[in-house]
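Residues per chain, in single letters:
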Amino acid sequence: MISFLHFLQGYYKLFVCGCCPERFLNLCTNKGILLWKLRAKKGGYEFFISRKAYKSLLSLREKTNTTIEVEGKYGLPFFLYRYRKRKFFFFGMCGCVAVIYFLSLFIWDIQIVGTVHYTEEEIEKYLLRKEIHTGIYKKNLDCTGLEEEIREDFSDAAWVSCDIEGTRFRVQLKESIDGAKSTEAAENDATPKDIVASKNGTIISIITRNGTPLVKKKDVVKKGDTLISGIIYIYNEYDELLETNVVRADGDIKAQTVYEYKDIFSLSYYEKSYTGAKKEGVRLYFGDYSIPLFLAKNSYENYDETTEYHQLKLGHAVYLPFAFEIIKAKEYLPVKKTYQKEEAKKKARKKLDHYLQDLKENNIEIVKEDITVKVTAEECVAKGTITVVESIGKIRNIK
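Since this is a predicted model, take the numbers as computed values, not measurements.

Parameters and conventions
Residues numbered from 1 in each chain as written. Predicted model: local features only at pLDDT ≥ 70, side-chain atom pairs only at ≥ 80, totals over all residues. Heavy atoms only, no water. Phe/Tyr/Trp six-rings, centres within 6.5 Å; stacked < 30°, edge-to-face > 60°. Helix = DSSP H or I, 4+ residues; strand = E, 2+ residues; numbered from the N terminus. Buried < 20%, exposed > 50% of the residue type's maximum accessible area, 1.4 Å probe, protein only. Axes fitted to C-alpha atoms, helices over the stretch in contact; angles between N-to-C directions. Parallel < 35°, antiparallel > 145°, perpendicular 65-115°, else oblique. Left-handed = near helix turned anticlockwise from the far one by under 90°. Contact = heavy atoms within 4.5 Å. Nonpolar A, V, L, I, M, F, W, Y, C, P; charged D, E, K, R; others polar. Pairing = 2+ DSSP bridges.

J.: How do you make sense of the packing of aromatic side chains when you look at a structure like this?
T.: Aromatic ring pairs are defined here through the distance separating the ring centres and the angle between the ring planes. Inspection of the entire model under this criterion finds 17 aromatic pairs. Here Tyr12 and Phe78 contribute two aromatic rings whose centre-to-centre distance is 5.2 Å and whose plane-to-plane angle is 70°, an arrangement assigned as edge-to-face. In this pair, Tyr12 sits in strand β1 (residues 11-18) while Phe78 sits in helix α5 (residues 76-82), placing the two residues 66 residues apart along the sequence. As far as burial versus exposure is concerned, Tyr12 and Phe78 are alike and both buried. On the numbers, 4.2 Å between centres and 25° between planes, the contact of Tyr269 with Tyr339 is stacked. Remark: Tyr339 occurs in the loop between β19 (318-338) and α10 (341-361) and Tyr269 occurs in strand β16 (residues 268-286); sequence separation between them is 70 residues. Tyr269 sits in the partly exposed class, given a relative accessible area of 24%. For Tyr339, a relative accessible area of 18% corresponds to the buried category.

Rendered as structure tokens:
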């Protein structure tokens, strides 16, 4: 902040020398003149001083018989004076600042994090139906209302947070509730809520930190059933109701649930044999409009296309509606091949292991898997059920 004030006021870089430069510095201290970045230099001292305080040095220079040399002038006043004849440059700079300020009033980047079962594309389409898109005026966004709507419309969304940072709109989801996140949510939101079941299952364990538990171990629950109520009833020693409190329910509920698994793939497949031919190009974006630049016409029949999208931004979160995309295309020839029976089973098992690993990474415990793999003349089919233990708590406003 101090550096910014110095920039606005303007400041000098000076070198003082002569017979008594130390006496000169002592007089500056006695008169309360601020010097900074003072350092000894051959024959004298070098330091910075504000433009306003510089005038006070003239009388001290005569008293101490020292010489003051100006080594540099910095700050806004000197900058404006230096370019005083370049009016168009000045107005252009002001116009640029005004444009950036105007663009900062809108959302130019939407970030979605925390999705597991739902895809980012699903959430983006949902936001579009709510008329939330890049270019929307920031003041038209009701983050609190949108959080409640997402919790209602996405049954697996246990915790939702919407916030605006700079020109970026961020939606964070958690599709199952755990202690750490529920505690964090409770600290930030005291709205009375229940915890309900996000899916069917059998209760394995329940830990209640706040609220009234309505289920116990081995209870069978259905999707939407209240597990921990946000209503607390207080009774006296005669079991008479004294008081009713409404709180934000908080706790951990784990249940045994069943996932239906099905995966089908053809035994025939194509392997890519790259020819070495490739093309590159650039596409410029302004909002929803795009302009191809150095983008050669692609005549390849079969090719892989990769894109690198770069959106321009100022600092950490002030995104601008300008972007560019680097497009690369590599030609290949498709070579048809066929999986043998054992190869198909190994591929099916590998895909199943990848699916199970994804579940484990999301704190879902695998209890039992009952999957059968069948290979026909044309395809491989893997299907069955996977029994798991997972958190099924979902936050819902008390109705």
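Read on for the rest.
J.: In this structure, what is going on with the packing of helix α2 (residues 21-30) against helix α4 (residues 57-64)? I would like to understand it.
T.: A packed helix pair is summarised by two numbers, namely the angle formed by the two axes and the spacing between the axes. At a closest axis distance of 10 Å, the pairing of α2 and α4 adopts a crossing angle of 140°. Compared by their axis directions, α2 and α4 come out oblique. Two packed elements cross with a definite hand, and for α2 against α4 that hand is right-handed. From α2, Arg23, Phe24, Leu27 and Cys28 reach across to α4, where they touch Leu57, Leu60, Arg61, Lys63 and Thr64. Looking at side-chain class alone, the contact of α2 with α4 contains 5 nonpolar, 1 polar and 3 charged residues.

J.: Honestly, the sheet that holds β19 in this entry has me stumped. Any pointers?
T.: Remark on secondary structure: sheet strands pair via backbone hydrogen bonds, oriented parallel or antiparallel. Read across the sheet, 4 strands follow the order β17-β16-β19-β18 without closing on themselves; strand pairing throughout is antiparallel. Among the strands making up the open sheet, the edge pair consists of β17 (289-293) and β18 (303-314). Taking the axes of each pair of neighbouring strands and ignoring which way they run, one obtains an average angle of 35° across the sheet. Two elements, β18 and β19, share 11 bridges in a ladder whose sense is antiparallel. Among the inter-strand pairings, Thr307 is bridged to a residue of β19, identified as Ile327.

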